[in-house]
Amino acid sequence: MRANRIIIHVLAIGLAALVLAPFLWLVRMSFQTNADIFAFPPHLWFSPTWANYAALWQSEFRDSFVNSAVVTTSSTLLSMLVGVPAAYALSRMRSRSNALSLWIIASRLAPPTAFAIPYFLAYRDLHLLDTRLGLVVIYLTFNISLVIWLMRSFFENTPRALEEAAWIDGAGFWRALVSVVLPTAAPGLAATAILCFVFSWNDFFFALILTRSNAMTAPVAVVNFMNYAGWEWGRIAAGGTMVMLPVLVFSLFVRRFLINGLTAGAVKG
Amino acid sequence: MEARGRLTRRSLLAGLAAALPAPAVLGQDKAKSKYAGTTIRGAAFSLPFHQYLQNYFPEFEAATGIKVSFDIQAFPIYNQRMDLELSTGGSSYDVIIVTFIYQNRWIGAGWVTPLDEFTADPNVTPPSWDTADFVRGVEASMRDAKGRTYAYGVEAGAMVLGAARGDLIEKAGLSLPTTMDDLIKVCDAVNGKDGVSAWTADKLHHWNWPPYLQAMGGRIFKNPPQNLTPMLNTPQAAKSASWYANLITKYGPPGILSFTDDQAMQSQLSGRANMRTNAITWAAPLAKNPNSTVKNTVRYGMVPAGPAGDFPGVACHGFGIPAGSRQKGAAWEFIKWALSKEMLSRLVKEHGYPSVCRRSVIESEPFKEALTLNGQDVAALYLKVLDQLGDGAYMRYRTVPVFPQVGDKINRAIEAIATKQMSAADALKQAQQQAVEAIRMGGYKVDP
């Protein structure tokens, strides 16, 4: 048994190292000078430098990072605000038909490229191109379906008896939802919010098509370091690290909820 | 009050003096009165040209009253965004870079404004602006079948041979190779000497290989842009692809098949690899980049010729005006200013800009000085490549709308040959079939 456990631990550590290797390589590169990055054979030891991060922060990347933060936070909050009540309503609907839910998920069935030109043209006419509001709206439309689908299953697993008990105790509809149902579905809320956050934060395609310079987000700004006459590898690595950081920190804070949320109902028949 | 209506000698002289400033200033004043207060929006990818030019925007704004705002993007992002913008008739931009690889598509589809109406009117463009001064081959790709011009060149990426360690070649008793056979001889003689690989290249084989394909009598398309039948399954193509795959794998540094453009350049700058054929923009840093370790050993030459001649690649990007622009007049004022002889001369003199498209500037002393690299007159080499381009016929393959798709098939075929997964004939046969499908999907006819 002990030998088995050691083997499993070694395998787990090996697998984790394998998965984390590209990430560690990127972080390492972000602290290297160009000469160190291209040194051949690669140097194991080098003098770390903050120069890439300093240069990044003096460039338009800083504004793009702020854009990403504003757009992602707004769209996640709005998606939850609109999607959670909708999911609750659907979960308590008496109809057994799934047609409505299928229509809701339809926006996520087609590849993003299918929406590119219609959105571009509509946004141009509505003067939403290159605006934060435009990006919030687009992420909202895609995230709402995700919120509804995920949260609906969480609410369906919440016993109705709980909210009925609250009603008997005199709580109104909204009070029962806020004070009884939502706390019970907290892991689901956290997991859904993280997925919305990650989707919006990491999106490249819509940010590429629908922004120019004012509302450009961090993932697109990183690619802008791929200059015609040469790529700025140090800045690309520093930008990549900065883009990963918020998601990583956010996930670490709520990882217990995330695991509970994602596995909830996994063994339910 | 009486004097008001009288024509006195003094008032006549004052009037004459006011009417006789230098032509350039006159033009600016005219522009100022007509377009003052206008804001033009431009888009460009991160070219060194633009980085230098934007230092002078305040001068243009002061002289014309036109405000300039530019979005600068990475090359791949720029192309994606601009293709979408132009294809939907957008009016977001007034000045754009007409990218070489999209010239045929954007011009052919009528998404860019013909500039002849501006250049033909001496009130708008003084004859001294001299459209004929732009090198003929550079401008050829920016014209349509009727000869109308849609853009003027900001950068000509003329391909040359750069040998980072020319000293190793001289030490072996040889000189820079001028033919493909010589190139192999030189590679054999210097490969591995001082730990330096004889050759280096990036993985954009669709840019690097065609000069050697054409030098062996092959071609990419039958007769672009009229006939886009691919010509990849010919004996010349197979022979050339086999030769090229051998060049990069036998004489290249480890990992060459996955090299990006930057890695290939770094391999030369650090002295790990010796020779490479690429545009002047990438060759000049060997002598000028502060981090270069080969400043004193670098040598430059023409792309080695084959039995059918030499065909150095040339990629030209130009300033144009989108068809949907609502500020075309002001946009032209900007282009006229940015690509004037005076401005280009300043970019050369003050920044050493190496990829100018105006002959008078290329032949000027400051340009020669800027492109005298490690004692060599690379300016003359640059002009020779541009002149060799002639009417641009042999580079037309690069400007057809379906080239990106076909280029992708070429890249995969060369990789398959270099990694010995397939023979050259089989890989190119497959590439040919895939290219035909891609071209047909693009809505073009190919010969049966």
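Residues numbered from 1 in each chain as written. Chains lettered and ligands numbered in written order. Predicted model: local features only at pLDDT ≥ 70, side-chain atom pairs only at ≥ 80, totals over all residues. Heavy atoms only, no water.

### Let's talk about the packing of aromatic side chains
A ring pair, where both rings are aromatic, is described by two values, the distance of the centres and the angle of the planes. Formally: For Phe, Tyr and Trp, where Trp contributes only its six-membered ring, two rings pair if their centres lie within 6.5 Å, and the inter-plane angle classes them as stacked under 30 degrees, edge-to-face over 60, or tilted in between. In this description a helix means any DSSP run of H or I spanning at least four residues, a strand means any run of E spanning at least two, and both kinds are numbered starting from the N terminus. By the criterion adopted, a ring carries a charge over it if an Arg CZ or a Lys NZ lies within 6 Å of its centre and within 35 degrees of its normal.
Summed over all chains, the structure comprises 46 aromatic pairs over all chains. Residues Tyr119(A) and Phe142(A) carry aromatic rings whose centres are separated by 6.3 Å and whose planes lie at 55° to one another, so their mutual orientation is tilted. Of this pair, Tyr119(A) sits in helix H6 (residues 113-126) while Phe142(A) sits in helix H7 (residues 132-156), and the two are 23 residues apart along the sequence. One aromatic cluster is present, formed by Phe49(B), Tyr52(B), Phe57(B), Phe60(B), Phe70(B), Phe319(B), Phe334(B), Trp337(B) and Tyr353(B) through successive ring pairs. Its guanidinium or amino end placed over the ring of Trp25(A), Arg28(A) lies 5.6 Å from that ring's centre, counting from NZ or CZ. It is Arg358(B) that lies over the ring of Trp129(B); its NZ or CZ is 4.8 Å from the centre.

### Examining the pattern of salt bridges
Convention followed: By salt bridge we mean one thing: a side-chain nitrogen of Lys or Arg within 4 Å of a carboxyl oxygen of Asp or Glu. Throughout this description, buried means an accessible area under 20% of the type-specific maximum (1.4 Å probe, protein chains only), exposed means over 50%, and partly exposed covers the range between.
Evaluation of the coordinates by the stated rule reveals 23 salt bridges over all chains. A salt bridge links Arg152(A) to Glu156(A); the shortest N-O distance between them is 3.2 Å. Residue Arg152(A) and its partner Glu156(A) are both found in helix H7; the two are separated by four residues, about one turn of the helix. Residue Glu156(A) is classed as partly exposed on the basis of its relative accessible area of 43%. The partner of Asp188(B) in a salt bridge is Lys250(B), with the nearest N and O atoms 3.9 Å apart. Here the residue Asp188(B) occupies a position in helix H11 (residues 180-190), and Lys250(B) occupies one in helix H14 (residues 235-251), the gap between them amounting to 62 residues. Residue classification places Asp188(B) among the partly exposed residues on the basis of a relative accessible area of 45%. Accessibility expressed as a relative area gives 48% for Lys250(B), which makes it partly exposed. Among the charged side chains, a network of salt bridges with common partners joins Asp130(A), Arg41(B) and Asp71(B).

### Observations regarding the pairing of strand E10 (residues 314-320) of chain B
Residues and elements named next belong to chain B. Spelled out, the test is: A pair of strands is treated as paired once DSSP finds two or more bridges between them.
In terms of burial, E10 is a largely internal element, seven of the seven residues being buried. Residues Val314, Cys316, Gly318 and Gly320 of E10 are buried on one face, and the alternating residues Ala315, His317 and Phe319, pointing to the opposite face, are buried as well. Bridge count between strand E3 (residues 95-98) and E10: three bridges; the pairing is antiparallel. What sits directly across from valine 98, in E10, is glycine 318. Judged from the six bridges that link them, strand E4 (residues 152-163) and E10 form a sheet pairing that is antiparallel. Bridging from a neighbouring strand, glycine 153 pairs with glycine 318 of E10.

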